[in-house]
Amino acid sequence: MTSADTSSDASSDSVSDTVSAAVDPRDEAPQFVLPLVVRIEKDAPPARTDALETAARAVLTLLSDERAGSVGGEDGEWAQAVRDWEDARIRKVVRRARGAEWRRASALPGIEVTGERAEVRVFPPVPLDGWPKELVKLQVSGTDLDDPEPPSAPEPGIPVLWLNPGLQMSAGKAMAQAGHGAQLAWWALPDAERERWRKNGFALAVRTASRERWAELTESGLPIVHDAGFTEIAPGPTVAVEGGSRLCPLPRER
């Protein structure tokens with residue numbers, strides 16, 4: 001479920017063409033991670049797509065929160081942690097919890113986001129080796145979620161995070177990748193469009209592209225998440241971010 005060291009941040013795509021990985025300043029910066037916890041009760045697990053979309057919206061909700069930025073020249077309480085995280089490699093880790101574990105995690109500062117049935121809590125970034133004790137013992141494995149029925153076609157006019165059809169990822173890994181895609185979409189938008197999207201509840205869809213569609217998306221100039229290959233999958237593209245023409249008109253080039 002770890003998406004460690006993806007090139008999901010906007011700067012990595014542009015920097016990688018001119019600066020070798022050995023001298024990338026982000027590698028020399030202190031490394032932080034964005035923790036997400038998904039609630040998976042034994043008798044009521046969420047559907048896979050619901051969990052992926054909820055995780056993506058959770059990332060956006062944190063990025064747009066006043067505590068993660070500055071208001072009137074004053075930093076919010078999470079602003080420095082977010083800056084430190086964005087200055088290094090963008091890492092997200094998804095862990096699962098249920099019962100008492102979920103209640104302990106919910107007591108920590110963070111934001112809970114719900115989907116149809118999915119519940120995901122996102123926390124401000126923490127040092128890579130400095131997880132809160134309430135989260136560090138939560139399991140990374142065991143998120144084998146399924147969709148009871150094939151997801152319907154995305155609603156017209158909303159951003160779609162298209163997953164690479166050639167990859168097999170656990171739900172936790174895919175949740176982290178969807179979060180990366182949502183973050184690329186957020187970075188690509190001007191403030192006015194960000195506010196429109198926020199007021200719309202960060203409406204979005206996560207779907208797996210057909211192989212033909214994936215080939216088109218990767219050649220389209222849209223933002224694409226590239227995983228560094230540290231965990232479940234080999235390095236390469238994982239998510240293509242397609243903006244909806246009405247609610248989130250992403251530029252075709254960054």
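As a reminder, the structure under discussion sits directly above these lines.
Keep in mind it's a predicted model, so treat the numbers as computed, not measured.

Asks: Explain the packing of aromatic side chains to me, please; I cannot follow it from the model alone.
Replies: To describe a pair of aromatic rings, one takes the distance between the centres and the angle between the planes. Going through the model one piece at a time under the given rule, you end up with two aromatic pairs. Both rings, one in Trp 186 and one in Phe 202, keep their centres 5.9 Å apart while their planes meet at 70 degrees; by these two values the pair is edge-to-face. Of this pair, Trp 186 sits in helix 7 (residues 171–188) while Phe 202 sits in the loop between helix 8 (191–199) and strand 9 (205–208), and the two are 16 residues apart along the sequence. Both residues of the pair, Trp 186 and Phe 202, count as buried. Geometrically, the ring pair formed by Trp 197 and Phe 202 is edge-to-face, given 5.6 Å between the ring centres and 80 degrees between the ring planes. You can call Phe 202 buried: its relative accessible area is 4%. Cluster of aromatic residues (ring-pair linked, three or more members): Trp 186, Trp 197 and Phe 202. The ring of Trp 131 carries Arg 95 above its face, with NZ or CZ at 4.3 Å from the centroid.

Asks: Which parts of the structure should I look at to understand the sheet that holds strand 9?
Replies: Working definition: the strands of a sheet are paired by backbone hydrogen bonds and lie parallel or antiparallel to each other. With mixed pairing, four strands are arranged side by side in an open sheet as 9-8-11-10. Of all strands in the sheet, those with a lone pairing partner are strand 9 and strand 10 (224–227), marking the two edges. Strand-to-strand twist of the sheet, defined as the mean angle between neighbouring strand axes without regard to direction, takes the value 20 degrees. Of the strand pairs in this sheet, strand 8 (residues 160–163) and strand 9 are connected by four bridges, and their pairing is parallel. Within strand 9, the position partnered with Trp 162 by the bridge is Arg 207.

So, how was this worked out
- Residues numbered from 1 in each chain as written.
- Predicted model: local features only at pLDDT ≥ 70, side-chain atom pairs only at ≥ 80, totals over all residues.
- Heavy atoms only, no water.
- Phe/Tyr/Trp six-rings, centres within 6.5 Å; stacked < 30°, edge-to-face > 60°.
- Helix = DSSP H or I, 4+ residues; strand = E, 2+ residues; numbered from the N terminus.
- Buried < 20%, exposed > 50% of the residue type's maximum accessible area, 1.4 Å probe, protein only.
- Lys NZ or Arg CZ within 6 Å of the ring centre and 35° of its normal.
- Pairing = 2+ DSSP bridges.
- Axes fitted to C-alpha atoms, helices over the stretch in contact; angles between N-to-C directions.

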